[in-house]
Amino acid sequence: DQQCYSPGMYFYNPVYTNMDTVSVQVEKLTLQKLEAVTFDLQSIHTDITVNYQIDSKECHKLIENVGFEFVKKLMVPGIEEELKAATAHFRVEKVIQDRAALRDEITRKLKARFDPHDIQITAISLTNFGFSPEYSAEVERKQVAEQTVQRKEYQRQQAEKEAVIPWLGKSWRH
């Protein structure tokens, strides 16, 4: 009969009993440069860190059903899939602006996916967003254009300040 024991020290007969050790502390899993596509079909990549904990009362079921390689077999593909599914609901500019909403949606999906396996998701972090070279170049072009407009507006305002005010007969300087 398999069962889990809460953390602590136990005595057992090693001849008749097999004992496996499983960490029930909060663990960290980081996946780097995962690719996803946004709602407007822009390719992005990000790093995701998932903090999880195995249920100390039900850990034997996870090991029995999935095995000790549950991270590789179950968690990595599940995290990749849920990241892609959630990112597809956001436009590329909202991925950064609404990072908390994206993180919350991924967290909800991961909890629903892993709770039946007695893996509790405690937190996730999304970091190091990157965009396709084409999108990055377009953002840079847009910023340069906005700066050019701002510079021209500043020059226009300066020219107005320096213009001669006809009724005073002198230049206006600030």
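Caption draft 1: Summary view of helix α2 (residues 70-87). In this model, α2 (18 residues) spans 24 Å end to end at C-alpha, consistent with the 26 Å of a helix rising 1.5 Å per residue. Within α2 the residues assigned to the buried category are Phe70, Leu74, Met75, Gly78, Ile79, Glu82, Leu83, Ala86 and Thr87. On the buried face of α2, the contacting elements are β1 (27-37), β2 (43-54), α1 (59-65), α3 (92-97), α4 (99-114) and β3 (119-131).

Caption draft 2: Inspection of the packing of aromatic side chains at higher detail. Inspection of every chain in the model, using the stated rule, returns 1 aromatic pair. An angle of 85° between the planes, with centres 6.4 Å apart, marks the rings of tyrosine 52 and phenylalanine 70 as edge-to-face. Of the two residues, tyrosine 52 is situated in strand β2 and phenylalanine 70 in helix α2; the sequence distance between them amounts to 18 residues. Given a relative accessible area of 8%, phenylalanine 70 falls into the buried group.

Caption draft 3: Local environment of the sheet that holds β3. Overall, antiparallel pairing links the 3 strands, which are arranged β1-β2-β3 in an open sheet. Only two strands of the sheet have a single partner each, and these edge strands are β1 and β3. Neighbour to neighbour, the strand axes of the sheet diverge by 20° on average, direction disregarded. α4 contacts β2 and β3 of the sheet and is inclined by roughly 140° relative to β3.

Caption draft 4: Fine view of the side chain of aspartate 118. By the element assignment, aspartate 118 lies in the loop between α4 and β3. Buried and without a salt bridge, aspartate 118 has lysine 61 as its closest oppositely charged side chain, separated by 5.2 Å. Excluding anything up to four places from it in sequence, aspartate 118 contacts Gln53, Ile54, Asp55, Glu58 and Lys61.

Caption draft 5: Looking closely at the nonpolar core. Ranked by internal contacts, the top residues of the largest apolar core, which has 33 residues, are Ile48, Phe70, Met75, Ile79 and Ile106. Elements supplying a minimum of two residues to this core: β1, β2, α1, α2, α3, α4 and β3. Ranked by the residues each element gives to this core, the list is headed by α2, at 6 residues. Setting aside chain neighbours within four positions, we find phenylalanine 70 in contact with Tyr52, Ile54, Leu62, Ile63, Met75 and Ile119.

Caption draft 6: Summary view of the environment of glutamate 58. Along the chain, the position of glutamate 58 falls in the loop between β2 and α1. Residue class for glutamate 58 comes out partly exposed when judged on its relative accessible area of 22%. Distance from glutamate 58 to aspartate 118, taken between C-alpha atoms, is 6.4 Å for residues 60 residues apart in sequence. Excluding its chain neighbours within four sequence positions, the residues that come into contact with glutamate 58 are Cys4 and Asp118. Among the polar contacts listed, one links the side chain of glutamate 58 to the side chain of lysine 61, at a separation of 2.8 Å.

Caption draft 7: Region of interest: unusual backbone geometry. Unlike most non-glycine residues, lysine 33 shows phi in positive territory, near 50°. Position of lysine 33 relative to the elements: it lies in strand β1. Looking at lysine 33, the relative accessible area reads 60%, which means it is exposed. The phi dihedral of asparagine 128 falls on the positive side, at around 55°, and the residue is not glycine. Summarising the element assignment, asparagine 128 is placed in strand β3.

Caption draft 8: Fine view of a nonpolar patch on the surface. On the surface, Tyr5, Tyr10, Tyr12 and Met19 cluster together into a nonpolar patch covering about 390 Å² of accessible area. Structurally, tyrosine 12 is set in the segment before β1. On the accessibility criterion, tyrosine 12 (41% relative accessible area) is partly exposed.

Criteria and thresholds
- The numbers attached to residues start from 1 for each chain and follow its sequence in the written order.
- With the structure being a predicted model, the display of local features is reserved for residues of pLDDT at least 70 and the display and counting of side-chain atom pairs for 80 or more, all residues being used for whole-chain, interface and lining totals.
- To obtain the side-chain values, all non-hydrogen atoms of the structure were used and water was disregarded.
- Helical segments are the DSSP runs of H or I of at least four residues, strand segments are the runs of E of at least two, and each set is numbered from the N terminus.
- Expected helix span is computed as 1.5 Å times (number of residues minus one).
- Working definition: with a 1.4 Å probe on protein chains only, accessible area under 20% of the residue-type maximum means buried, over 50% means exposed, and in between means partly exposed.
- In this description, contact between two residues means that some pair of their heavy atoms is separated by no more than 4.5 Å.
- Within 6.5 Å between ring centres, the rings of Phe, Tyr and Trp (the latter by its six-membered ring) count as paired, and their orientation is classed by plane angle as stacked under 30 degrees, edge-to-face over 60, tilted in between.
- At least two bridges found by DSSP between two strands is the condition for calling them paired.
- Here an angle of 0 to 180 degrees is reported between the N-to-C directions of two axes, which are lines fitted to C-alpha atoms, with helices fitted over the stretch in contact.
- Within this scheme the basic residues Lys and Arg register as positive and the acidic residues Asp and Glu register as negative, but His and the chain ends are omitted.
- Salt bridges are identified by distance alone: a Lys or Arg side-chain nitrogen within 4 Å of an Asp or Glu carboxyl oxygen.
- The definition of a nonpolar core used throughout is a set of buried Ala, Val, Leu, Ile, Met, Phe, Trp, Tyr and Cys residues joined through side-chain atoms within 4.5 Å.
- Under the rule applied, a polar contact is a pair of N or O atoms within 3.5 Å (in protein, one hydrogen donor and one hydrogen acceptor; residues adjacent in sequence only if both atoms are side-chain atoms).
- Patches draw on residues past 30% relative accessible area with no salt bridge. Two like charges within 9 Å are joined, as are two nonpolar side chains (Val, Leu, Ile, Met, Phe, Trp, Tyr) within 5 Å.
- Only the protein chains shown count as cover for residues, with accessible areas throughout obtained via the Shrake-Rupley method and a probe of 1.4 Å.

Function-wise, these values are silent; they only describe arrangement.
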